[in-house]
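The chain contents come next:
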Amino acid sequence: MSRRTKMTEDILKMMENPKQIRNLALIGHIDHGKTTLSDSLLAEAGLLAESLAGEARVLDYLEEEQRRGITIKSANISLYYEHSLEKSLPFLINLIDTPGHLDFSGKVTRALRMADGVIVIVDSVEEVSSQTETVVRQALDEAVRPILFINKIDRLFKELKLDMEEIKEKFSRIIQDFNKLIFMYGDELAKSNWMVSAELGSVIFGSALHRWGFVISDLKTKNHSLQYFENKYQDGTYKEISSLYPVWKSVLAAVVQFVPDPAQAQSYRTQTIWSGDIETEIGKAIQKCDPTGPLVIGMGKVQKIKNRLIGTGRIFSGTLKRGQHAWLVNDGSKTSVNQLSIFMGSRMETVIEIPAGNIAAIGGIKKISSGETIFDIKNIDEAKPFEAVKYVSEPVVTVA
Ligand code: GDP
């Protein structure tokens, strides 16, 4: 079996167990470092399978992609992560693409609806801003759990030349301001369980540009303090930090710990994000993320990739099978799903079926539009959309 087939098989197996899946998005004020962080995660993705000695798994795909020059930022990315120390199951982390600029047309909301958790990036120089407030509020409105990433810490050492006390004060202020937003815009669940805490590890400190990041327990394990980082910048050896504190590891470890799996998340998110009655058969199937339930898909964005119209959607219930007949709720038309793929690394791999809790790339539906809801043809009566019909049609973006 080729490596590629083996990897597809491994991923398909993971997709059957929601406990191994995390659906994640990155958000933040423009320029606070979202693109740099997602680039760093992707660039290091090959290392995510470092425990599989001798097999350069995800990296194969990235190299191939780089050779072929396909843009990798335009669609979703799936990352593979194993705790290197714990003998736990590996994780499939779907990084859902969000609009690069602040957007009130519903595109951010739509992207966030596909995620169960977000990394909110805050520039440590600029601190929490009104744009941070907007994106945190958008996440909380969609019942998406936030994790805080305090970025550009290199600048505190190199440019601002702050002393340790000033840096610690800055961090406390950012964390406090961030938690105020959760308190202000969150529901009861968020207020009681989602406040971030440096001690508990839901705050990551780092430099996306220099590819390092840590949570407080990482410092304790290595017997380091903040002084270690300052010394590295002072003596010009800061490039060594990323091998000891790789940013991808700190981010993905926190994601696995704090972002709920899709089944957990749908148990409380359904009533917030879906317009139907949660007591119906479909409502219950969505809450359970039931792969044997009726098919329900919330579409994110639709793009033209290599001349094909591809929609990215989250399967909230049921199992989507290639060739399956389906109902486009907003458009009110019947269709069939003829092209079905998953994201591997950042490329698409054709598959036969995808169960609930996962993100699918769906092709070949002419009338598909961003934000559409797809239902099983058998359940038209209970077919309620995730978002209501909008009469202004959005242009389809061509990315490759
Ligand atoms: P986005 O608008 O949030 O996607 O921000 P970008 O990732 O494009 O970053 C904006 C600018 O900040 C770019 O010039 C980056 O190189 C820079 N930047 C991002 N992360 C860091 C960091 O950790 N340290 C420093 N010094 N600059 C960074």
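Residues numbered from 1 in each chain as written. Predicted model: local features only at pLDDT ≥ 70, side-chain atom pairs only at ≥ 80, totals over all residues. Heavy atoms only, no water.

Asker: Account for helix α13 (residues 262–273), naming residues and giving values.
Answerer: Between the first and last C-alpha of α13 there are merely 14 Å, a value that for 12 residues lags more than 12% behind the 16 Å anticipated at 1.5 Å per step. Of all the residues in α13, the buried ones are Pro-262, Ala-265, Gln-266, Arg-269, Thr-270 and Ile-273. Seen end-on, α13 carries its buried residues on one side only, within an arc spanning 130°. Residues of α13 that are buried sit in contact with β1 (21–28), α4 (107–113), α14 (281–288) and β9 (308–317). (Helix = DSSP H or I, 4+ residues; strand = E, 2+ residues; numbered from the N terminus. Expected span 1.5 Å × (residues − 1). Buried < 20%, exposed > 50% of the residue type's maximum accessible area, 1.4 Å probe, protein only. Arc of directions from axis to C-beta. Contact = heavy atoms within 4.5 Å.)

Asker: Can you tell me about the pattern of salt bridges, naming the residues and giving the values?
Answerer: Under the criterion given, the structure shown has 13 salt bridges. Across the pair Glu-127 and Lys-170 runs a salt bridge, and its minimum N-O distance is 2.8 Å. Pair noted here: Glu-127 is in the loop between β4 (117–123) and α5 (130–141) and Lys-170 is in helix α7 (residues 164–185), with a separation of 43 residues, a long-range link. The same class applies to Glu-127 as to Lys-170, namely buried. By sharing partners, the salt bridges in this structure join Asp-116, Arg-269 and Arg-314 into a single network. (Salt bridge = Lys/Arg side-chain N within 4 Å of Asp/Glu carboxyl O.)

Asker: Quick rundown of the site of the ligand? Include the residues and the values.
Answerer: Looking at the ligand, there are 15 residues lining it, with Asp-31, Lys-34, Thr-35, Thr-36 and Asp-154 nearest. One nitrogen or oxygen atom from the main chain of Gly-33 is found 3.0 Å from an oxygen atom belonging to the ligand. In the environment of the ligand, an oxygen atom lies 2.5 Å from a nitrogen or oxygen atom belonging to the side chain of Thr-36. In the complex, 74% of the free accessible area of the ligand, which totals 570 Å², lies under the protein chains. By residue number, the principal contributor to the shell around the ligand is helix α2 (residues 34–43), which donates three residues. (Near = heavy atom within 4 Å. Polar contact = N/O pair within 3.5 Å; in protein donor to acceptor, adjacent residues only side chain to side chain. Areas by Shrake-Rupley, 256 points an atom, 1.4 Å probe, with all protein chains shown as cover.)

Asker: Describe the confidence of the model for the chain, with residues and values.
Answerer: Reading fine detail from the predicted coordinates is not recommended where pLDDT is low. Here the chain averages 85 in pLDDT, while 84% of its residues score no lower than 70. A low-confidence stretch, residues 46–62 stays under pLDDT 50, and its non-local contacts, those more than four residues away or across chains, total 40 contacts. Here residues 64–74 scores under 50 on pLDDT; set against residues more than four positions off or in separate chains, the count is 19 contacts. Reported for the predicted complex are a pTM of 0.90 and an ipTM of 0.99. (pLDDT = per-residue confidence, 0-100.)

Asker: Could you give an account of the nonpolar core, naming the residues involved and the relevant values?
Answerer: With 50 residues, the main nonpolar core has Leu-148, Ile-150, Phe-205 and Phe-229 as its most contacted residues. Of the residues forming this core, the biggest block, eight residues, is contributed by α7. Apart from the residues lying within four places of it in its own chain, the contact partners of Leu-148 are Val-120, Val-122, Ile-174, Ile-175, Phe-178, Val-196, Ser-202, Val-203 and Ile-204. Core analysis: the second largest hydrophobic core is formed by 27 residues, Leu-24, Leu-26, Leu-42 and Phe-149 among them. (Core = buried A, V, L, I, M, F, W, Y, C linked by side-chain atoms within 4.5 Å.)

Asker: Could you give an account of unusual backbone geometry, with specific residues and numbers?
Answerer: With a phi close to 80°, Asp-31 is a non-glycine residue in the positive phi region. Take Asp-31: it is sitting in the loop between β1 and α2. You can call Asp-31 exposed: its relative accessible area is 63%. Positive phi values are uncommon outside glycine, yet Glu-127 reaches one of about 65°.

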